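Next come the chains, spelled out residue by residue.
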Amino acid sequence: MKLIFLGPPGAGKGTQAARIAAAQGIAHISTGDMLRAEIRAGSDLGKAAKAVIDRGELVSDDIIVAMVEKRIAMEDCKQGFLFDGFPRTVAQADALSGITPIDLVVNIDVPSQRLIGRISGRRMCPDCGAAYHISTHASDSCDSCGGKLYQRDDDKAETVANRVRVYEEQTQPLIDYYQSRGQLATVNGDDDIDAVTAAIQEVLKV
Ligand code: AP5
């Protein structure tokens, strides 16, 4: 199965993608996680991407498409994959359609007033990429692997506002793009995490 999760920053794409990819036995491909790994590795791509990410803007389409094309050729993608945070522009979606067909695009719908609270309280594991929220996870270590949780540089309030604006301008048009192709299912993301997972599992059965 080949899936895309769409949604604004803080919608819960990463949280749900980790669960659904594990349940379906497919690879979870987060372009944000891939870029953060490049930053940690100190690669040329990571150095160039850091400034762009910290401003809340998008890394260029050609870099992202090349990175994704290489990633889906890997062995763990043979059974399928779930894109989390890709595509993010119409140009990326057009490029993807020339690379591989997609079974379903799941749009995780969350009102914009919820997003700031979710993102400002998020803490991430640098080792396995798990996301937590300070309101439900008091400890500063990862339940899955014991990594020491940190706050992303682009989760500061001023950057988050720009990320939401960039989402509305450049990524939200993909809702109509995939709707018009009959590939979109929208789920309510403004519910507790287990309920959102159940709603996604329901649309995957159809
Ligand atoms: P990326 O890492 O993809 O960030 P994002 O899309 O902004 O999404 P987030 O990771 O902020 O949120 P999420 O929807 O995954 O929510 P999460 O599950 O963590 O990209 C970062 C940057 O990289 C971009 O800004 C861009 O610069 C660059 N980039 C990446 N991909 C690119 C591309 N394709 N093209 C160009 N540039 C690209 O949840 C958020 C919080 O809410 C957590 O604390 C979580 O515990 C909590 N939460 C989750 N679900 C619920 C719920 N149901 N109820 C309550 N709390 C919840």
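You'll find the structure just up there.
This is a predicted model, so every value here is computed, not measured. (Residues numbered from 1 in each chain as written. Predicted model: local features only at pLDDT ≥ 70, side-chain atom pairs only at ≥ 80, totals over all residues. Heavy atoms only, no water.)

Undergrad: Can you help me understand the overall build of the protein chain in this one?
TA: Assigned secondary structure in the protein chain consists of nine helices and seven strands. For 206 residues, the compact-globule formula gives about 17 Å, and the C-alpha radius of gyration of the protein chain, at 16 Å, lands near that figure. Counting only C-alpha atoms, the protein chain reaches 40 × 40 × 35 Å along its principal axes. Buried residues in the protein chain amount to 46% of all 206 residues. Considering only contacts in the protein chain between residues 6 or more positions apart, those separated by 24 or more positions represent 70%. Total accessible area on the protein chain stands at roughly 10200 Å², and carbon and sulfur atoms take up 51% of it. A gap of 3 Å separates the mean positions of the 23 positive and 29 negative side-chain charges of the protein chain. (Helix = DSSP H or I, 4+ residues; strand = E, 2+ residues; numbered from the N terminus. Rg over C-alpha atoms; globule rule 2.2 N^0.38 Å. Buried < 20%, exposed > 50% of the residue type's maximum accessible area, 1.4 Å probe, protein only. Contact = heavy atoms within 4.5 Å. Areas by Shrake-Rupley, 256 points an atom, 1.4 Å probe, with all protein chains shown as cover. Lys, Arg positive; Asp, Glu negative; His and termini not counted. Charge placed at Lys NZ, Arg CZ, Asp CG, Glu CD.)

Undergrad: Sorry, what's going on with the site of the ligand here?
TA: As a structural note, the neighbourhood of the ligand is formed by 34 residues, with T15, E57, R88, R122 and R163 the closest of them. In the environment of the ligand, a nitrogen atom lies 2.9 Å from a nitrogen or oxygen atom belonging to the side chain of Q92. Separating an oxygen atom of the ligand from a backbone N or O atom of Y132 is a distance of 2.8 Å. Coverage of the ligand by the protein chains reaches 93% of its 1000 Å² of free accessible surface. Elements with a contribution of two residues or more to the shell around the ligand: helix 1 (13–24), helix 2 (31–41), strand 6 (131–133) and helix 9 (193–205). (Near = heavy atom within 4 Å. Polar contact = N/O pair within 3.5 Å; in protein donor to acceptor, adjacent residues only side chain to side chain.)

Undergrad: Help me understand helix 1, please; the structure alone is not making it clear to me.
TA: For an α-helix the count is 3.6 residues per turn, leaving residues at separations of three or four pointing the same way. Taking 1.5 Å per residue, twelve residues should reach 16 Å; helix 1 reaches 16 Å between its end C-alpha atoms and fits that length. Residues of helix 1 that are buried: K13, Q16, A17, I20 and A21. The arc that holds every buried residue of helix 1, seen down its axis, measures 125°, which confines them to one face. Summarising the geometry of helix 1, the exposed residues directed more than 90 degrees from the buried face are A22 and A23. (Expected span 1.5 Å × (residues − 1). Arc of directions from axis to C-beta.)

Undergrad: Just to check I follow, could you spell out the pattern of salt bridges for this structure?
TA: Proximity of charged atoms lets side chains of opposite charge pair with each other. For the structure on display, the rule yields 15 salt bridges. For R163, the salt bridge goes to D154, with nearest N and O atoms at 3.7 Å. Both residues of the pair, R163 and D154, belong to the buried class. A single network of salt bridges, built from pairs that share partners, joins R122, R152, D154, D155 and R163. (Salt bridge = Lys/Arg side-chain N within 4 Å of Asp/Glu carboxyl O.)

Undergrad: What am I meant to see in the pairing of strand 4 (residues 104–109) here?
TA: Looking along a regular strand, one sees side chains alternate from face to face of the sheet. Most of strand 4 is tucked away: five of the six residues are buried. Pairing of strand 1 (residues 2–6) with strand 4, which is carried by four bridges, proceeds in the parallel orientation. Looking at strand 4, one finds that L6 is bridged to N107. Direction of pairing for strand 4 relative to strand 7 (residues 184–188): parallel, over a ladder of five bridges. Looking across to strand 7, one finds that D109 is bridged to N188. (Pairing = 2+ DSSP bridges.)

Undergrad: Honestly, the nonpolar core in this entry has me stumped. Any pointers?
TA: One broad trend across soluble globular proteins is that nonpolar side chains are buried collectively. Grouped together as the largest cluster of nonpolar side chains are 29 residues, with contacts concentrated most on I29, F81, F83 and Y178. Of all the secondary-structure elements, those providing two or more residues to this core are strand 1, strand 2 (27–30), helix 2, helix 3 (44–54), helix 4 (61–72), strand 3 (81–84), helix 5 (90–97) and helix 8 (173–180). In terms of residues, this core owes the most to one element, helix 4, which gives five residues. Ignoring anything within four residues of it in the chain, the contact list for I29 reads M34, R71, I72, C77, F81, L82, F83 and D84. Grouped together as the second largest cluster of nonpolar side chains are 22 residues, L3, L82, I108 and A185 included. (Core = buried A, V, L, I, M, F, W, Y, C linked by side-chain atoms within 4.5 Å.)

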